[in-house]
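Results of the structural survey
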Amino acid sequence: MLLALILMLGLGINIARLVLEAGPRVQAEDQSVIRLAREFVATIVADLNEAPDPDARLDQIVRDLSRLRHVSITRQDDTAARMPERPEEAGDPRAPAWFVALVHPEQTSVRVPIAIHGKPQSLVITSHPDDEMAEIWDGIVTQLEVGSAIAVALLLVTMLVVGRALAPLQALSQAMTNIEAGFYDVRVEPGGSPELAAICAKLNHLAATLGEAVDGKRQLAERAVSLQDSERKEIARELHDEFGPYLFALRAHAGALTRLSEVDKPDPVALRKHGNAILEQVNALQQFTRRILERLRPVGLAELGLREALGALVRLWSESHPEVEIESSISGALGDTGETADLTIYRIVQEALTNVFRHAGATAVDITIEPAERPAGIYGSRGCALVRIRDNGHGLRPDHRLGRGLNGMRERILALGGTLNINSGDDGVTVEALVPKAVPL
């Protein structure tokens, strides 16, 4: 509509210009015709008195001049002899009356005095600029018709081009509605302008990425529930297989002590034997409880901090495997990472060391924890800790599949918004994790 209004305004301004220029144009043409006709008549009638019959000669001159297109000539003293105005030719275009009244409301007439045998007379020259006004009017009509046709054609072409260019907008709107409703398999056929085609492609990629993210989130939740159930089953099995026998043994020895107490003179050796057995069972129960608690949560992590807890873990492995050299380095610029991140870092190091001593056959392990350069736009304002465990073992087999421990670690890190990468080669395995720090309150 805006384009149509602009085209109509331009056409109206052009027509108004032609109308405003019509008056001066007709006036100039009128004066030019009168001047030429007057000079022409003055030249012809100069030798009129020398003619055998001046009156007949004058009438003949008037009749001949009546064939001129833009003027009419009459004798002022003889109205009967005045020649009628030139009739309009059939089919000759004429301007409408309102246009004539606007452009040339009054006719222009001049008198040319003449004398025949001393008797004064005059010829009246009257201009008739009808042809000029008809020509101007025809130009205006032509301009209006051609301009309107061009404006309509341009408007239709513009509507067609713009309509085709914006055609994907409806599909884009519907696709966004479907994505909002959770239908991530929706796709939009790229079309329209190059910009809209690029937007369609980006929306398709966004829908696919969201679908993969939601599916990954669902799989992660299922995996987390499965791992949680597996962990509970394993703890339940250990409690049943180890805690139960210890309790049974304690109950047996306690029953034996009770029976010995009922005799008058109990055997000191038997009492000592059952007492020592009870102490051994209690000590075993304490160690078993410590192992269970260590699996559930590292002892001393909250009290001593990440640095001391990792130091204790490394010393424990070094004492049990003195043939393997373990180097650990925690950057002083790491700062406070938060309780959740501390536990995640500890579990990563613990799981990686367990795999090294079980499968790698390595002689050296290097542990590095330092602040990370976080990729822009992924973690926002949160800092990250980079955890790297590198060994010099024989690496992973090509068909190796990650165990439950590393899979659990990967899913835990992904849930926190981090990443876990495992690179294997002939020179060993490198476990590299990017763990986001806790959000500061």
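None of the values given here were measured: they were computed from a predicted structure. (Residues numbered from 1 in each chain as written. Predicted model: local features only at pLDDT ≥ 70, side-chain atom pairs only at ≥ 80, totals over all residues. Heavy atoms only, no water.)

Attention now moves to the overall build of the protein chain. Summing up its helical and strand segments, the protein chain has 11 helices and 8 strands in all. Taking all 441 residues of the protein chain together, the buried fraction comes to 32%. For the protein chain, contacts bridging at least 24 residues in sequence account for 70% of all contacts bridging at least 6. A total accessible area of about 27700 Å² is found for the protein chain, and carbon and sulfur atoms account for 57% of it. (Helix = DSSP H or I, 4+ residues; strand = E, 2+ residues; numbered from the N terminus. Buried < 20%, exposed > 50% of the residue type's maximum accessible area, 1.4 Å probe, protein only. Contact = heavy atoms within 4.5 Å. Areas by Shrake-Rupley, 256 points an atom, 1.4 Å probe, with all protein chains shown as cover.)

Our next topic: the pattern of salt bridges. Applying the stated criterion across every chain yields a total of 4 salt bridges. We note a salt bridge from E21 to R17, for which the minimum N-O separation is 3.3 Å. Remark: R17 and E21 occur in helix 1 (residues 2-44); sequence separation between them is 4 residues, near one turn of the helix. According to the relative accessible area criterion, E21 is partly exposed, its value standing at 43%. E432 is the salt-bridge partner of R388, the closest N and O atoms lying 3.0 Å from each other. A residue pair is termed long-range when its members are at least 10 positions apart, and R388 in strand 6 (residues 384-391) and E432 in strand 8 (residues 428-436) qualify at 44 residues. Since its relative accessible area comes to 26%, E432 is described here as partly exposed. (Salt bridge = Lys/Arg side-chain N within 4 Å of Asp/Glu carboxyl O.)

A word on helix 1. Counting along an α-helix, one turn takes 3.6 residues, and residues three or four places apart therefore face a common direction. Compared with an ideal rise of 1.5 Å per residue, which puts 43 residues at 63 Å, helix 1 spans 62 Å between its outermost C-alpha atoms and is within 8% of the ideal. A maximum bend of about 30° is found in helix 1 at A22, where proline P24 lies one to four positions downstream. For helix 1, the full list of buried residues reads A4, L11, N14, I15, A22, G23, V26, D30, V33, I34, A37 and V41. Where helix 1 is buried, its residues contact helix 2 (54-65), strand 1 (71-75), helix 3 (97-103), strand 2 (109-116), strand 3 (119-127) and helix 4 (130-165). (Expected span 1.5 Å × (residues − 1). Bend = angle between axes of the 7 residues up to and from the residue.)

Looking at the secondary structure, you find D55 in helix 2. For the pair formed by D55 and I116, sequence separation is 61 residues and the distance between their alpha carbons is 7.6 Å. Discounting chain neighbours no more than four positions away, the residues touching D55 are R75, I116 and Q121.

Scored by pLDDT, the protein chain comes out at a mean of 78, with 88% of its residues at no less than 70. Here residues 78-92 is a poorly scored stretch, pLDDT under 50, and it has 16 contacts once near neighbours within four places are set aside; other chains count. (pLDDT = per-residue confidence, 0-100.)

To continue, consider the pairing of strand 6. By the criterion of burial, strand 6 is predominantly enclosed, with 7 of the 8 residues buried. Bridging between strand 5 (residues 364-372) and strand 6 involves 8 bridges; their strand directions are antiparallel. Along strand 6, the bridge assignment pairs E370 with L386. Taken together, the 7 bridges between strand 6 and strand 8 define a ladder with antiparallel strand orientation. Bridge pairing in strand 8 places R388 opposite E432. (Pairing = 2+ DSSP bridges.)

At a minimum axis separation of 10 Å, helix 1 and helix 4 run at an interaxial angle of 170°. On the basis of the axis angle, helix 1 is roughly antiparallel to helix 4. Taken together, the residues that form the contact of helix 1 with helix 4 break down as 16 nonpolar, 5 polar and 4 charged. (Axes fitted to C-alpha atoms, helices over the stretch in contact; angles between N-to-C directions. Parallel < 35°, antiparallel > 145°, perpendicular 65-115°, else oblique. Nonpolar A, V, L, I, M, F, W, Y, C, P; charged D, E, K, R; others polar.)

Moving on, we get to the sheet that holds strand 7 (residues 419-425). An order of 4-5-6-8-7 is seen for the 5 strands of this open sheet, with the pairing classed as mixed. The open sheet has two edge strands with one neighbour each: strand 4 (325-330) and strand 7. Each adjacent strand pair in this sheet contributes to an overall mean axis angle of 10°, direction not counted. Its contacts with the sheet place helix 9 (residues 306-320) against strand 4 and strand 5, and it is angled at close to 175° to strand 4.

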